[in-house]
Amino acid sequence: MLTAREVASRVGARVVGDESRPLAGVAPIEAAEASDLAFLANPKYAGYLATTRAGAVIVAPGHLPADAAGRTFLVADDPYLAFALALGVFHPPRRPTPGVHPTAWVDPTAVLGEGVTVGPLSSIGPRCRVGAGAWLVSGVHLGEGVEIGDETTLHPHVTVYADCRIGSRVIVHAGTVIGSDGFGFARTPRGAVKVPQVGRVVIEDDVEIGANCAIDRATLGETRIGRGVKIDNLVQIGHNVQVGPGTVVVAQAGISGSTKVGRGVTIAGQAGLVGHVEVGDGVIVTAQTGVTNDVPAGQVVSGSPHRPHGEWKRIMAAMADLPGLRQRVKALERRVGTSAAAEKEATGE
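Just so you know, the residues in each chain are numbered from 1, in the order the chain's sequence is written. pLDDT decides what is reported in this predicted model: residues at 70 or higher carry local features, side-chain atom pairs at 80 or more are listed and counted, and totals for whole chains, interfaces and linings draw on all residues regardless. Each side-chain value is worked out from all heavy atoms of the structure, with water and hydrogens disregarded.

Novice: A description of the sheet that holds strand β30 (residues 242-243) should follow, citing residues and the corresponding values.
Specialist: Only when DSSP finds a minimum of two bridges between them are two strands counted as paired. Helix and strand definitions here come from DSSP, where helices need a minimum of 4 consecutive H or I residues and strands a minimum of 2 consecutive E residues; each element is numbered from the N-terminal end. The strand order across the open sheet built from nine strands is β10-β13-β16-β19-β24-β27-β30-β33-β36, with neighbouring strands paired in parallel fashion. Looking at the sheet topology across the chains shown, the edges are occupied by β10 (111-112) and β36 (278-279).

Okay, here's the thing in structure tokens:
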């Protein structure tokens, strides 16, 4: 166990209450017990502060109860960040024993750095370079000439095609494919002719890629994922796409070929971006949005085809009124029709 003071010092918080309070782990505020550390980041759960059995709760300064007597709180400016750090304190990352598993295959020309772990049934092709402390968990395939940076983790069944580059401290989850051919074909009367995809994929440092994603190699040049990008599960990124540093791409989103995405962009779930467009820095593309042309920096866009979020909300509100509007129009048509018939009868027409 750790004391509240020890935890607070590691997560950037200050203790209000019993600094020696023993804590064994982290739990949801509604289910925590006396040995647990809970957290409150969403005001929706503020009611649980009065009923939680947690030994201590991480809160923002504004959520510290007026009467905190007999209770323990870890006060942090960003409770969610403090919660994330606390999880790391109680659940430090597992590290394997370095070495190459007997069932793995490593080409004689490959270079492995100090402390590399190559798990069962993995294969490392000719001229590969794997950085110090990297971990290929199991069933990982590296094609010819692949480079992997220091302390990068490739989870089971990750495939990295030839000549791709992955930086340091990158995490790639199970089943993801990096460097498969971009979708390029020339149409002819005799059918589609494949355009050879001879570029590569470059993944910069500190990127995390979810499970079962596909990042296509460039036709020429590079498909590049910038430093610190976070990609959720089931994301498709086409050939020659450029994704700027710090961008977040959420599950089931798709980015078509040669699109450029700026820094710090958020692309929400099931959004789709057509090819050859530019999305500026700081843009937010909301869920299920279809981006069909360039988006200036700082905008929030929604709908398909996309439009400014405020305009899209007004359109959605108007659509909700359409059934009632239709009934009113029909009623007016009946009234107009009845009046016209009565006028004809009165005039003998």
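Here the narrative resumes.
Novice: An account of helix α2 (residues 79-90) is requested, with residue identities and associated values reported.
Specialist: Expected span of a helix: the number of residues minus one, times 1.5 Å. Helix length check: α2, at twelve residues, gives a terminal C-alpha distance of 16 Å against a target of 16 Å (1.5 Å per residue), a fit within 8%. When accessible area is computed with a 1.4 Å probe and restricted to protein chains, residues below 20% of their type maximum are described as buried, those above 50% as exposed, and intermediate ones as partly exposed. Among the residues of α2, those classed as buried are Pro79, Ala82, Phe83, Ala86, Val89 and Phe90. The buried residues of α2 occupy an angular sector of 115° when the element is viewed end-on, so they sit on one face. Where α2 is buried, its residues touch β1 (2-3), α1 (4-11), β3 (22-23), β4 (25-26), β5 (36-39) and β6 (56-59). Directions pointing from the helix axis toward each C-beta atom define the arc. In what follows, residue pairs with any heavy atoms lying within 4.5 Å of each other are defined as contacts.

Novice: Any chance you could break down the sheet that holds strand β31 (residues 248-249) for me, citing the residues and the numbers?
Specialist: As summarised here, the arrangement of the twelve strands in space is β8-β11-β14-β17-β20-β25-β28-β31-β34-β37-β39-β40, forming an open sheet in which the pairing is mixed. Looking at the sheet topology across the chains shown, the edges are occupied by β8 (99-100) and β40 (307-308). Here β31 pairs with strand β34 (residues 266-267) via two bridges, running parallel. Note on β34: the bridge partner recorded for valine 249 is isoleucine 267.

Novice: An account of the side chain of serine 180 is requested, with residue identities and associated values reported.
Specialist: Relative to the elements of secondary structure, serine 180 occurs in strand β21 (residues 177-180). If we skip the residues at most four places from it in the chain, serine 180 touches Tyr161, Ile215, Asp216 and Arg217.

Novice: Now, about the packing of α1 against α2: what can you tell me, with residues and values included?
Specialist: Running from amino to carboxyl end, α1 crosses α2 at an angle of 120°, the nearest separation of the two axes being 9 Å. By the criterion of interaxial angle, the relationship of α1 to α2 is oblique. Between α1 and α2 the crossing geometry is right-handed. Contacts between α1 and α2 pair Val7, Arg10 and Val11 from the former with Ala82, Leu85, Ala86, Val89 and Phe90 from the latter. Basically, the charged four are Asp, Glu, Lys and Arg, the nonpolar ten are Ala, Val, Leu, Ile, Met, Phe, Trp, Tyr, Cys and Pro, and anything else, Gly included, counts as polar. The residue inventory of the contact of α1 with α2, partitioned by class, reads seven nonpolar, no polar and one charged. Each axis is a line fitted through C-alpha atoms, and for a helix only the stretch in contact is used; angles between axes span 0 to 180 degrees, taken between their N-to-C directions. Throughout, the term roughly parallel applies to angles under 35 degrees, roughly antiparallel to angles over 145, roughly perpendicular to angles from 65 to 115, and oblique to all others. Crossing handedness is read from the near helix: turned anticlockwise from the far helix by less than a right angle, it gives a left-handed crossing, and turned clockwise, a right-handed one.

Novice: Run through the side chain of histidine 306, naming residues and quoting values.
Specialist: Position of histidine 306 relative to the elements: it lies in the loop between β39 (300-302) and β40. Judged by its relative accessible area of 13%, histidine 306 falls in the buried class. Polar contact is the term for a pair of N or O atoms within 3.5 Å; when the atoms are in protein, one must be able to donate a hydrogen and the other to accept it, and sequence-neighboring residues count only if both atoms are side-chain atoms. Only 3.4 Å separates the side chain of histidine 306 from the side chain of asparagine 293, close enough to count as a polar contact. Beyond its immediate chain neighbours, meaning those up to four positions away, histidine 306 contacts Thr289, Gly290, Val291, Thr292, Asn293, Asp294, Val295 and Val301.

Novice: So what's going on with the environment of glycine 269? Which residues, and what values?
Specialist: By the secondary structure assignment, glycine 269 is in the loop between β34 and β35 (272-273). When the C-alpha atoms of glycine 269 and alanine 66 are compared, they prove to be 40 Å apart, with 203 residues separating the residues in sequence. Residues within four places of glycine 269 in sequence aside, it is in contact with Val250, Ala251, Ala287 and Gln288.

Novice: Could you give an account of the nonpolar core, naming the residues involved and the relevant values?
Specialist: A general tendency of soluble globular proteins is for nonpolar side chains to be buried together. Take the buried residues of types Ala, Val, Leu, Ile, Met, Phe, Trp, Tyr and Cys, join any two whose side-chain atoms come within 4.5 Å, and each joined set is a nonpolar core. In terms of nonpolar packing, the biggest core is built from 49 residues, with Leu142, Leu154 and Ile231 touching the most fellow members. If we ignore the near neighbours within four places in the chain, the residues touching leucine 154 are Trp135, Leu136, Val137, Val140, Leu142, Ile148, Val160, Ile166 and Val172.

Novice: Any chance you could break down the pattern of salt bridges for me, citing the residues and the numbers?
Specialist: Note on definitions: salt bridges are taken to be side-chain nitrogens of Lys or Arg within 4 Å of carboxyl oxygens of Asp or Glu. As enumerated under the stated definition, the model contains 14 salt bridges in all. The closest approach of N and O atoms between arginine 53 and glutamate 33, which form a salt bridge, is 3.4 Å. With arginine 53 in the loop between β5 and β6 and glutamate 33 in the loop between β4 and β5, this residue pair connects regions lying 20 residues apart in the sequence. Between glutamate 311 and arginine 307 there is a salt bridge, and its shortest N-O distance comes to 3.1 Å. Taking the relative accessible area as the measure of exposure, glutamate 311 reaches 32% and is therefore partly exposed. For arginine 307, a relative accessible area of 25% gives the class partly exposed. One connected set of salt bridges, linked through shared partners, spans Arg169, Asp205, Asp206 and Arg227.

Novice: Would you mind going over the packing of aromatic side chains in detail, with residue names and values included?
Specialist: Working definition: an aromatic ring pair is given by the centre-to-centre distance plus the angle between the planes. Stacked, tilted and edge-to-face are the three classes assigned to paired rings of Phe, Tyr and Trp, where Trp is represented by its six-membered ring and a pair needs centres within 6.5 Å; plane angles under 30 degrees give stacked, over 60 edge-to-face, the rest tilted. Overall, the coordinates contain five aromatic pairs when judged by the stated rule. For the ring pair tyrosine 80 and phenylalanine 83, a centre distance of 5.7 Å and an interplane angle of 40° mean the geometry is tilted. Of the two residues, tyrosine 80 and phenylalanine 83 both sit in helix α2, three residues apart, roughly one turn of that helix. In this structure phenylalanine 83 comes out as buried when scored by relative accessible area, which is 15%. Aromatic pair phenylalanine 183 and phenylalanine 185: ring centres 5.1 Å apart, planes at 70°, arrangement edge-to-face.

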